[in-house]
Amino acid sequence: MTSSSSFSQDTQRFAQTYADGRRADALMEEDVAWSHEIDGERDGDQFDRSERAALRRVAGLSTELEDVTEVEYRQLRLERVVLVGVWTSGTAQDAENSLTELAALAETAGALVLDGVIQRRDKPDAATFIGSGKAIELRDIVVESGADTVICDGELSPGQLIALEDVVKVKVIDRTALILDIFAQHAKSREGKAQVALAQMQYMLPRLRGWGQSLSRQMGGGKGGGLATRGPGETKIETDRRRIREKMAKMRREIADMKTGREIKRQERKRHKVPSVAIAGYTNAGKSSLLNRLTGAGVLVENALFATLDPTVRRAETPSGRLYTLADTVGFVRHLPHHLVEAFRSTMEEVGESDLILHVVDGSHPNPEEQLAAVREVIRDVGAIDVPEIVVINKADAADPLTLQRLMRIETRSIAVSARTGQGIDELLALIDNELPRPSVEIEALVPYTLGKLVARAHTEGEVISEEHTPEGTLLKVRVHEELAADLAPYVPAPTA
């Protein structure tokens, strides 16, 4: 019974297979016999398998501009910001000037400023920087103006940032983050990029936030691996902080290595007794323009804050023929983030190691005294308070004459110049020549013509008072340093009886 049933099932399976094969053959014959005249109306267009699976382009959907002239009618989407300041001291004009500077910083960073508000308080609110009631009013301003970012004129704590964002419902950043963003955009050299990256990580480390899985525990690490995993492990945010600390340590080592190269160059200049002059000043005061006017360095000049970050050192010559170096440093600003001061300390050492500081101030600024005070605060931080200083009041062609008179009366060692027109540049060069340290030893020597290198050293490293060519050699009367005086000592003429 079982065998007959099995035979019957095999017979049915064979019949079904045979029928499927006959049906397939019939379909193949039908495909071969298909013609457009007979079956075209019935089946429509036919596609191969590859054509059915392929992506098909639909014409007429592209919005790419074909006419270049249409580009000017497209508005570039910039970050739309509202500025917030807290007025704790000084006059109302001082608070407005600070917010105006914040607007210039935001514009330099590529944002579109829509509005700005100031609140009078004894001190910033510990929770939301401006207080809970004013934060709600700020939210209404943000909604009304359509802003997507709020920039606070001050450095906010992580708690203040979170609390204010919870109220206004848009991104909130502070003055420090804005300046760091500008530095990141403008840094060009390897060292500048490393210094900015270090400052950004120092700022970001205490402000890391966790969402979702960021606070979940990862597997702990036991001795044997596998199932031997004891302890709660660390959260994702703890892992991020550890990685940032490791990157910061690596960045500090790289900056220290780069600092070594600059120190070698500085020691070489000191060995040759070449005086150095550092140009320091507020951002956009015209430091790079002054460097170009004095040396023809060709440094980028732009009407923007922090347009140049990388220090530039150029060789210059005084009217009397003495060689010296002129270094353009990074610009300063009020409330310069301490992260940047720390990260750029190796660059700012050019100011502390110089023999003379040209403190450039914008004479056309509404409050140049505040610029002077802000720059001197940073100079004090880098330990350069003992270096002689000349206040160079730039943009004298655009400044108010009464402002120039007031500044020159307050600053006794000052001079008014215009790097754009060249006004006062000759007087500034003469003042630099008088202020640079002079060699300590005055000597007269008759140098043989075969020792031309010694005469050349006297010109480059010392100050030549007189020079006369005699049959025996070159009679020099020079003021030089002690090392060169020792080399010239064998050629000092014997005193006549």
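Structure: see above.
Structural notes, computed from the coordinates. Please read all numbers here as calculations on a predicted model, not as lab measurements. Sequence order as written defines residue numbering, which begins from 1 separately in each chain. Local features in this predicted model are restricted to residues whose pLDDT is 70 or higher, and side-chain atom pairs enter the listing and the counts only when it is 80 or higher, whereas totals over whole chains, interfaces and linings include all residues. Hydrogens and water molecules were not included; the side-chain quantities draw on all heavy atoms of the structure.

Some remarks on the overall build of the protein
Consideration 1: When helices and strands are counted, the protein shows 17 helices and 13 strands.
Consideration 2: Relative accessible area decides the class of each residue, using a 1.4 Å probe on protein chains only: under 20% of the type maximum gives buried, over 50% gives exposed, and in between gives partly exposed. For the protein, the residues scored as buried account for 40% of the 497 residues in total.
Consideration 3: By definition in these notes, contact holds between two residues if any of their heavy atoms fall within 4.5 Å. Sequence-distant contacts, at least 24 apart, represent 66% of the contacts inside the protein between residues at least 6 apart.
Consideration 4: When the accessible surface of the protein is summed, it comes to about 29100 Å², and 52% of that surface belongs to carbon and sulfur atoms. Only DSSP runs of H or I reaching four residues or more are called helices, and only runs of E reaching two or more are called strands; each is numbered from the N terminus. Accessible surface is estimated by sampling points in the Shrake-Rupley manner with a 1.4 Å probe; for residues, cover comes only from the protein chains shown.

Re helix α6 (residues 158–168)
Consideration 1: Here α6 has its buried residues at Q160, L161, L164, E165, V167 and V168. Looking straight down α6, one finds that the buried residues subtend no more than 160 degrees of arc, so they occupy a single side.
Consideration 2: One or two positions beyond α6, positive phi appears at K169, with a value near 65 degrees. For this quantity, the arc is that covered by the directions from the helix axis to the C-beta atoms.

Let's talk about helix α16 (residues 452–461)
Consideration 1: Those residues of α16 that sit buried are L454, V455, A458 and E461. Viewed along the axis of α16, the buried residues span an arc of 150 degrees, placing them on a single side of the element.
Consideration 2: Against β11 (441–447), β12 (463–469), β13 (474–480) and α17 (482–488) lie the buried residues of α16.

Re unusual backbone geometry
Note on backbone geometry: most residues besides glycine have negative phi, and most peptide bonds are trans.
Consideration 1: Non-glycine residue N284 carries a positive phi angle of around 65 degrees.
Consideration 2: Here N284 lies in the loop between β5 (276–281) and α10 (287–295).
Consideration 3: For N284, a relative accessible area of 24% puts it in the partly exposed group.
Consideration 4: One non-glycine residue, K395, lies in positive phi territory at about 60 degrees.
Consideration 5: Tracing the backbone through its elements, the reader meets K395 in the loop between β9 (389–394) and α14 (401–410).
Consideration 6: Among the residues examined, K395 registers a relative accessible area of 23% and is labelled partly exposed.

Comments concerning the pattern of salt bridges
Consideration 1: Salt bridges are defined as contacts in which a side-chain nitrogen from Lys or Arg sits within 4 Å of a carboxyl oxygen from Asp or Glu. One pass over the full model with this rule turns up 16 salt bridges.
Consideration 2: A salt bridge links K134 to E137; the nearest nitrogen and oxygen atoms lie 3.6 Å apart. Remark: E137 and K134 occur in helix α5 (residues 132–145); sequence separation between them is 3 residues, near one turn of the helix.
Consideration 3: We classify E137 as partly exposed; its relative accessible area is 43%.
Consideration 4: Where R175 meets D153, a salt bridge forms, and the shortest distance between an N and an O atom there is 2.7 Å. Taken together, the positions of R175 in helix α7 (residues 175–186) and D153 in the loop between β3 (149–152) and α6 put the pair 22 residues apart, joining distant regions of the chain.
Consideration 5: One salt-bridge network, in which partners are shared between bridges, spans E101, D153 and R175.

Some thoughts on the sheet that holds strand β6 (residues 312–317)
Consideration 1: Two strands pair if DSSP finds at least two bridges between them. On the basis of which strands lie adjacent, the open sheet formed by 6 strands has the order β6-β7-β5-β8-β9-β10 and mixed pairing. The open sheet is flanked by β6 and β10 (414–416), the only strands paired with a single partner. Taking each pair of neighbouring strands and ignoring which way they run, the sheet shows an average axis angle of 25 degrees.
Consideration 2: Note that strand β8 (residues 356–362) and β9 share 6 bridges and pair parallel. Bridging across to β9, V360 finds its partner in V392.
Consideration 3: Here an axis means a line fitted to C-alpha atoms, over the contact stretch when the element is a helix, while the angle between two N-to-C directions is reported on a 0 to 180 degree scale. With respect to the sheet, α10 is in contact with β5, β6, β7 (323–328), β8 and β9, its orientation differing from that of β7 by roughly 155 degrees.
Consideration 4: In the packing of helix α15 (residues 425–435) onto the sheet, the strands contacted are β5, β7, β8, β9 and β10, and the crossing angle to β8 comes to about 150 degrees.

Details of the packing of α10 against α15
Consideration 1: Where α10 contacts α15, the axes come no closer than 11 Å and their chain directions differ by 80 degrees. With respect to α15, the element α10 is oriented roughly perpendicular. Between α10, through L290, R293 and L294, and α15, the contact on the second element is made entirely by I425, L428 and L429.
Consideration 2: Note on residue classes: Ala, Val, Leu, Ile, Met, Phe, Trp, Tyr, Cys and Pro are nonpolar, Asp, Glu, Lys and Arg are charged, and everything else, Gly too, is polar. The class makeup of the residues in the contact of α10 with α15 is 5 nonpolar, no polar and 1 charged. By the definition adopted for this analysis, an angle is roughly parallel if under 35 degrees, roughly antiparallel if over 145, roughly perpendicular if from 65 to 115, and oblique otherwise.

Concerning the packing of helix α13 (residues 368–381) against α14
Consideration 1: Between α13 and α14, the shortest axis-to-axis distance is 11 Å and the interhelical angle comes to 35 degrees. Contact residues: α13 offers P368, E369 and L372, while α14 offers T403, R406, L407 and I410.
Consideration 2: Of the residues in the contact of α13 with α14, the class split is 4 nonpolar, 1 polar and 2 charged.

Some words on the nonpolar core
Consideration 1: By size, the foremost hydrophobic cluster in this structure holds 79 residues, and its most contacted members are L138, L164, F332, L358, V392 and L428.
Consideration 2: With 6 residues, the single largest contributor to this core is α7.
Consideration 3: Those residues in contact with V392 that lie beyond four places of it in its chain are L290, L358, H359, V360, V361, I415, V417 and L428.
Consideration 4: I443, V478, V480 and L488 belong to the second largest nonpolar core, which has 12 residues in total. The definition of a nonpolar core used throughout is a set of buried Ala, Val, Leu, Ile, Met, Phe, Trp, Tyr and Cys residues joined through side-chain atoms within 4.5 Å.

Regarding the sheet that holds β12
Consideration 1: On the basis of which strands lie adjacent, the open sheet formed by 3 strands has the order β11-β13-β12 and antiparallel pairing. Every interior strand has two partners, whereas the edge strands, β11 and β12, have only one. Neighbouring strand axes in the sheet, compared pairwise and without regard to direction, differ in orientation by 10 degrees on average.
Consideration 2: Sheet topology note: the β12/β13 ladder contains 6 bridges and is antiparallel. Its bridge partner lying in β13, H469 is registered against T474.
Consideration 3: α16 rests against β11, β12 and β13 of the sheet, and its axis sits at about 145 degrees to β12.

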